[in-house]
Amino acid sequence: MQVLQLLISGIAQGCIYGLIALGFVLIYKATETVSFAQGELMMLGAFGGLVGLTMLGFSYWTTVLCAVAGMAVFGMLLERVVIRPVLGQPAFSVVMLTIGIGYVIKGLVTMIPGIGTDTQALPVPYKDEIWKLGGNAMGVGALILNVEHMAVIGATAVLCGLLYALFRYTKLGIAMQAASQNQLAAYYMGIPVQRLNGIAWGLAAAVAAIAGLLLAPITFVHANMGFIGLKAFPAAVVGGFGSLPGAIVGGLVIGLVESFAGFYLPDGFKDTAAYVVVLVMLMVKPTGLFGPSLRKKV
């Protein structure tokens, strides 16, 4: 039973990593830029949910819809006002800009009195609920499932299905795929590449908000929760930086490794396990699990 508990916990944590990694991949495929502000966008989405539930008195589902939609709009505005003017500059400049965006977001949140400097609990309807499967009448030997973890797994599965349908069956998704392959060719074919870049940033911010709303009931809402993005980046690398399915698989790999390392290995190994996996992956398959196999002839 202990192994199953660790497995479920690792999958739930890996789903969070995978959702944030999806944002990395979406932005990279659209603009060939790595955005290190994804963790802070996730944190901002979680704070949006906190405000909606505790201050505005919205219902849970109304709060989720408003937080996700608001973050999508914020992501598109961020791309239009801040990112688009510097596209075409050296990649290092754009990366440093996204790091600066993350620090600005975190700084602005911490300036909010009574919220930004405190650790808050997100009052979701399924908070602290558990399911017991199997075992005897006294509950001995039962598999205990945390509903918060199951909500993460279920929501990730639904979101992956929706994203698959978007990119497989809609004109918008097909156009985004075409632009990610070759922006110049897509532009000459009449595809509005700049608009699609904005949509990609909005979609990445919305996915980050969902990750924040799912993570908040487990780890609380606080200004430093964006640091989890540093674990999601290895997930994107492990899965293959240009692959959307790879982002989820990479997140699951990192989550499972962390879960089992934290239980079976000495203290401290859990925090370094993700980077050990990345180092091994870069040595064995630098392009990631789902990345293309590229060879350079010399």
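Residues numbered from 1 in each chain as written. Predicted model: local features only at pLDDT ≥ 70, side-chain atom pairs only at ≥ 80, totals over all residues. Heavy atoms only, no water.

- Going by an unreviewed UniProt entry, the protein chain carries the name Branched-chain amino acid ABC transporter permease and comes from Rhodoferax aquaticus.
- A UniProt comment under Sequence similarities (unreviewed entry) is attached to the protein chain, and it reads "Belongs to the binding-protein-dependent transport system permease family. LivHM subfamily."
- Recorded under Subcellular location (unreviewed entry), the UniProt text for the protein chain is reproduced unchanged: "Cell membrane". (UniProt positions renumbered as here; feature names shortened; annotations may be inferred.)

1. Some details on the overall build of the protein chain
Now for step 1: Broken down by element type, the protein chain carries eleven helices and two strands.
Now for step 2: Along the chain direction, N to C, the helices and strands of the protein chain fall in the order α-α-α-α-β-β-α-α-α-α-α-α-α.
Now for step 3: In terms of C-alpha radius of gyration, the protein chain reaches 20 Å, essentially the compact-globule figure of 19 Å for 298 residues.
Now for step 4: Overall, the protein chain is about 70 × 50 × 40 Å in size when its C-alpha atoms are taken along their principal axes.
Now for step 5: By residue count, 46% of the 298 residues in the protein chain fall in the buried class.
Now for step 6: Looking at the protein chain alone, contacts between residues at least 24 apart form 71% of all its contacts between residues at least 6 apart. (Helix = DSSP H or I, 4+ residues; strand = E, 2+ residues; numbered from the N terminus. Rg over C-alpha atoms; globule rule 2.2 N^0.38 Å. Buried < 20%, exposed > 50% of the residue type's maximum accessible area, 1.4 Å probe, protein only. Contact = heavy atoms within 4.5 Å.)

2. Structural notes on the packing of aromatic side chains
Given two aromatic rings, their pairing is described by the distance between the two centres and the angle made by the two planes.
Now for step 1: Per the stated rule, a full pass over the model turns up eleven aromatic pairs.
Now for step 2: An aromatic cluster of at least three residues, connected via ring pairs, comprises Phe 24, Tyr 28, Phe 36, Phe 233 and Phe 241.
Now for step 3: Here the guanidinium or amino end of Lys 127 rests over the ring plane of Phe 220, the centre of that ring lying 5.1 Å away. (Phe/Tyr/Trp six-rings, centres within 6.5 Å; stacked < 30°, edge-to-face > 60°. Lys NZ or Arg CZ within 6 Å of the ring centre and 35° of its normal.)

3. Observations regarding the layout of surface pockets
Now for step 1: Of the voids in this model, the largest pocket is the one considered here, and its volume is about 470 Å³.
Now for step 2: Where the lining of the largest pocket is concerned, the elements lending two or more residues are helix 3 (60–83), helix 5 (147–169) and helix 8 (193–219).
Now for step 3: Looking at the lining of the largest pocket residue by residue, the class counts come to 18 nonpolar, no polar and no charged.
Now for step 4: Taken as a whole, the second largest pocket encloses approximately 320 Å³ of empty space.
Now for step 5: The residue inventory of the lining of the second largest pocket, partitioned by class, reads eight nonpolar, three polar and two charged. (1 Å grid on protein atoms, 1.4 Å probe; cavity = no way out; pocket = protein on both sides within 12 Å on 5 of 7 lines; lining within 4 Å. Points joined across faces, edges and corners; volume = space filled by probe spheres on them. Nonpolar A, V, L, I, M, F, W, Y, C, P; charged D, E, K, R; others polar.)

4. Observations concerning the UniProt feature "transmembrane region" (unreviewed entry) in the protein chain
Now for step 1: Taking the numbering used here, the UniProt-annotated feature "transmembrane region" (unreviewed entry) corresponds to residues 6–29, 41–74, 86–105, 140–167, 199–221, 233–254 and 274–294.
Now for step 2: The span residues 6–29 carries 100% helix and 0% strand; its end-to-end C-alpha distance comes to 33 Å.
Now for step 3: Secondary structure across residues 233–254 divides into 82% helix and 0% strand, with the first and last C-alpha atoms of the span separated by 10 Å.

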